[in-house]
Amino acid sequence: MCGIVGYTGGREVCPILVDGLRRLEYRGYDSAGVAILSDERIEVCKATGKLSVLESVLIDNSPNGVLGIGHTRWATHGRPSDENAHPHSDCTGSIVVVHNGIIENYLPLKTQLIANGHKFVSETDTEVIAHLVEEAYQGDLAEAVRSTVLRLEGSFALAVICREQPDLIVAARRHSPLVVGLGENENFIASDVPAFLPYTKKVYFIDDDTLAIVKKSGVELRSLDGDPISKDVFEVTWNADMAERGGYEHFMLKEIHEQPTALRETMRGRLSSETADVTLEGLGLSHEDILKLNKIVMIACGTAYHAAMVGKYMIEGLVRIPVELDVASELRYRDPIIDNNTLALVISQSGETADTLAGMREAKRRGAKVLAITNVVGSSVAREADGVLYTYAGPEIAVASTKAYTTQLMVLSLVSLYLSRVRGTISTERDAQLRRALWYIPEQADLFLSEYQDIIGCADRYHNFAGFLYMGRGPNLASALEGALKIKEIAYIHAEGYAAGEMKHGPIAMIDPSMATVAIATKGRTYEKVLSNMQEVKARLGEIIAIASTHDTEIHSLADKVIHVPETEEMLSPILNALPLQLLAYYVAKFRGHEIDQPRNLAKSVTVE
Ligand code: AGP
């Protein structure tokens, strides 16, 4: 997630922009820049790396001025570099833009602009906006921006300044956050409130398809049809720390709640709601490559490994190619059978996990094609793979992985659908069923996250239990393992995830009133089997928390607590089932009074063996 800031008022703008960008650092970034209107010119200064690099450049030549925009870039299109850093300018340097989001139709727009004689200096989608505004500009910046955003498809929160109109910033948003800070004879725009919290607590939270025309004397809001919009001023009560977490107590809770948006952003441009298209830009596999595959080896660690488990279920079920699964630390040392008809599917949020990198390199050395699923553009995994599919979850700050996991499952669903089409192993009706179910996942996640008091009640009741047993079947065996990992890593309670069918082969010995069992029992092929396993637990006085499909009333006779989750296709259910498991772990840890975002002994990225 990039960060944008803007200021217009009576104070020197450069330090305000840099300070604002620093307050947005938690959003993660790989480059930064500012554009300042100074002596009738727009001075642009940008640098790859941390803000300190930009500041060292600004020390020598900090432009004077009272209006400007700034940006921290989380790369999505185009590697981290000075050229790709924002702000981006039009051909003349008179119009400059910063942007957070993804312009899905930037390539056809760029092609047309180049044909019209525009010169591009970056690989980014954002630069297209500057040249579109340049073409549309006829003396009214607000009108030029309005007509430009009407041509954009995808997500954006953008801000534009123009040398010929030195008294205003024009901002607009669709699907990416944008806020306006209302000061005394000065005004601000930003991706998030922390950027200007020291200066004002009066905020407009801008809605989709809204234009904000920001002058130091006042702010005017318009619809994209050009009609005026009136909006209540919101008085923020958060302090700066709380504001970085969007008002949530911990980054983990914020990131749990970001999942509907993260899922939508990860699906955007890849699954069409109008056509049957599944588009995987960056896949790195030709149809010929796909047709000659005889095996897929999945390589990952921790939560990413659990995502790989679901991926195995999806790919074998739809694509009918054998999928081998191994934690990377095992694969790299066991002399795996891999050749040039093998696809190594590498999953890593950070793209820097040592064992995963080593496993990937070993697979590559043995001749495999490598497809990576990662959340970090320019990461080692991304750079070394043959193809990369990004999860657009935005930076995941909490050590306990949440939105990265569910967006990895989203990408795996799309890959399975795509591969099954190329290999002709999916029927038209099954294809349509899955596409429809996948399309509604973000909305179902939103619905689930809108109210979950029952989970907090569960956490309160069970937070002092001696241990947890998580059981699931099919794709939800992975859910059981993931649920157990979550509660282990932040609540420090021993928890074990296992195949429910394994109950009689050992785990049943653990059942007693001090042990809580979490049964993932959403509707699917083995639903009745899981109910039987729950009866075995009940018979031994074990307490059960059931994760069940909405409207499932039968299960209430077996479980002490039931958490209902919207129903979807079984192979997609781990995406939604992850949500209650994440929240249960979070609130158990909270009741136990633990530090949640940075749990003991753990690092966000395990870059050593
Ligand atoms: C999960 O909550 C943990 N943070 C950990 O298991 C993590 O998933 C694992 O270290 C893999 O990290 P990666 O996805 O960045 O490779």
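Anything mentioned here points back to the structure above.
In short, a report on the structure.

Assigned secondary structure in the protein chain consists of 19 helices and 25 strands. Taking 2.2 N^0.38 as the reference for a compact globule, 609 residues should give roughly 25 Å; the C-alpha atoms of the protein chain span a radius of gyration of 25 Å, in line with that estimate. The principal-axis extent of the C-alpha atoms belonging to the protein chain is close to 80 × 55 × 45 Å. For the protein chain, the residues scored as buried account for 60% of the 609 residues in total. Long-range contacts, defined as pairs at least 24 residues apart, comprise 71% of the intrachain contacts of the protein chain with a sequence gap of at least 6. In the structure as shown, the protein chain presents an accessible area of about 22,700 Å², 49% of it carried by carbon and sulfur atoms. Both charge centroids of the protein chain, one from 60 positive and one from 81 negative side chains, sit 4 Å from each other.

Next up on the list: the pattern of salt bridges. Applying the stated criterion across every chain yields a total of 36 salt bridges. Note that arginine 23 is salt-bridged to aspartate 19, the shortest N-O span being 3.1 Å. Residue classification places arginine 23 among the partly exposed residues on the basis of a relative accessible area of 24%. Judged by its relative accessible area of 21%, aspartate 19 is partly exposed. The partner of arginine 366 in a salt bridge is aspartate 335, and the shortest N-O contact between them spans 2.9 Å. Of the two residues, arginine 366 sits in the loop between helix H12 (354-365) and strand E19 (369-374) while aspartate 335 sits in the loop between helix H11 (328-331) and strand E18 (342-348), which places them 31 residues apart along the sequence.

Residues in close proximity to the ligand total 15 residues, the closest being Ser348, Ser350, Thr353, Val399 and Glu489. Between an oxygen atom of the ligand and a main-chain N or O atom of glutamine 349, the distance comes to 2.7 Å. With respect to the ligand, the backbone of valine 399 contributes an N or O atom lying 2.7 Å from a nitrogen atom. In the complex, the protein chains occlude 91% of the 410 Å² of accessible area that the ligand would expose alone.

All right, on to the sheet that holds strand E8 (residues 169-174) then. If you walk across this open sheet you meet the 7 strands as E5-E6-E7-E8-E12-E13-E14, and the pairing is antiparallel. Of all strands in the sheet, those with a lone pairing partner are strand E5 (88-89) and strand E14 (228-229), marking the two edges. Taken together, the 5 bridges between E8 and strand E12 (residues 210-215) define a ladder with antiparallel strand orientation. Counterpart to alanine 171 in the pairing with E12 is alanine 212.

Mapped onto the elements, aspartate 326 comes out in strand E17 (residues 323-327). Polar side-chain contacts of aspartate 326 include one of 2.3 Å to the side chain of arginine 334. Dropping the residues within four chain positions of it, aspartate 326 is found in contact with Met298, Ile299, Ala300, Tyr305, Leu331 and Arg334.

Taken together, the 5 strands give an open sheet; going across it, the order is E17-E16-E18-E19-E20, and neighbouring strands pair in parallel fashion. Two strands in the sheet have a free side with no partner beyond their single neighbour: E17 and strand E20 (387-390). Each neighbouring strand pair of the sheet contributes to a mean axis angle of 20 degrees, computed without reference to strand direction. Note: E19 against E20, 4 bridges, orientation parallel. Its bridge partner being in E20, isoleucine 373 is matched across the sheet by leucine 389.

Right, let's get into the pairing of strand E24 (residues 543-549). Most of E24 is tucked away, with 7 of its 7 residues classed as buried. Alternating residues of E24 divide into Glu543, Ile545, Ile547 and Ser549 and Ile544, Ala546 and Ala548, and every residue in both groups is buried. Where strand E23 (residues 515-521) lies against E24, 6 bridges are found, and the strand directions are parallel. Note on E24: the bridge partner recorded for alanine 516 is glutamate 543. Note: E24 against strand E25 (residues 561-565), 5 bridges, orientation parallel.

One broad trend across soluble globular proteins is that nonpolar side chains are buried collectively. One finds Phe468 and Tyr470 to be the most contacted residues of the largest nonpolar core, which totals 123 residues. Top contributing element to this core by residue count: helix H19 (residues 573-591), with 12 residues. When sequence neighbours within four positions are dropped, the list of residues in contact with tyrosine 470 reads Ala480, Gly483, Ala484, Ile487, Ala495, Glu496, Gly497, Tyr498, Val518, Leu581 and Leu584. Val128, Ala130, Ala144 and Val170 belong to the second largest nonpolar core, which has 29 residues in total.

Per the counting criterion, the structure on display carries 9 aromatic pairs. Here the aromatic rings of tyrosine 462 and phenylalanine 465 are separated by 4.8 Å at their centres, their planes lie at 65 degrees, and the arrangement is edge-to-face. Residue phenylalanine 465 is classed as buried on the basis of its relative accessible area, which comes to 15%. Ring-pair connections join several aromatic residues into one group, and the members of that group are Tyr7, Phe188, Phe196 and Tyr199. The ring of tyrosine 462 is capped by arginine 461, whose NZ or CZ atom sits 5.3 Å from the centre of that ring.

Taken as a whole, this structure holds 0 disulfides when the rule is applied. Distance from the sulfur of cysteine 162, which forms no disulfide, to the nearest cysteine sulfur (cysteine 91) is 14 Å. A residue is classified by how much of its surface remains accessible, and cysteine 162, at 1% relative accessible area, is buried.

Each value, and the rule that gives it
- Residues numbered from 1 in each chain as written.
- Predicted model: local features only at pLDDT ≥ 70, side-chain atom pairs only at ≥ 80, totals over all residues.
- Heavy atoms only, no water.
- Helix = DSSP H or I, 4+ residues; strand = E, 2+ residues; numbered from the N terminus.
- Rg over C-alpha atoms; globule rule 2.2 N^0.38 Å.
- Buried < 20%, exposed > 50% of the residue type's maximum accessible area, 1.4 Å probe, protein only.
- Contact = heavy atoms within 4.5 Å.
- Areas by Shrake-Rupley, 256 points an atom, 1.4 Å probe, with all protein chains shown as cover.
- Lys, Arg positive; Asp, Glu negative; His and termini not counted.
- Charge placed at Lys NZ, Arg CZ, Asp CG, Glu CD.
- Salt bridge = Lys/Arg side-chain N within 4 Å of Asp/Glu carboxyl O.
- Near = heavy atom within 4 Å.
- Polar contact = N/O pair within 3.5 Å; in protein donor to acceptor, adjacent residues only side chain to side chain.
- Pairing = 2+ DSSP bridges.
- Axes fitted to C-alpha atoms, helices over the stretch in contact; angles between N-to-C directions.
- Core = buried A, V, L, I, M, F, W, Y, C linked by side-chain atoms within 4.5 Å.
- Phe/Tyr/Trp six-rings, centres within 6.5 Å; stacked < 30°, edge-to-face > 60°.
- Lys NZ or Arg CZ within 6 Å of the ring centre and 35° of its normal.
- Disulfide = S-S within 2.5 Å.

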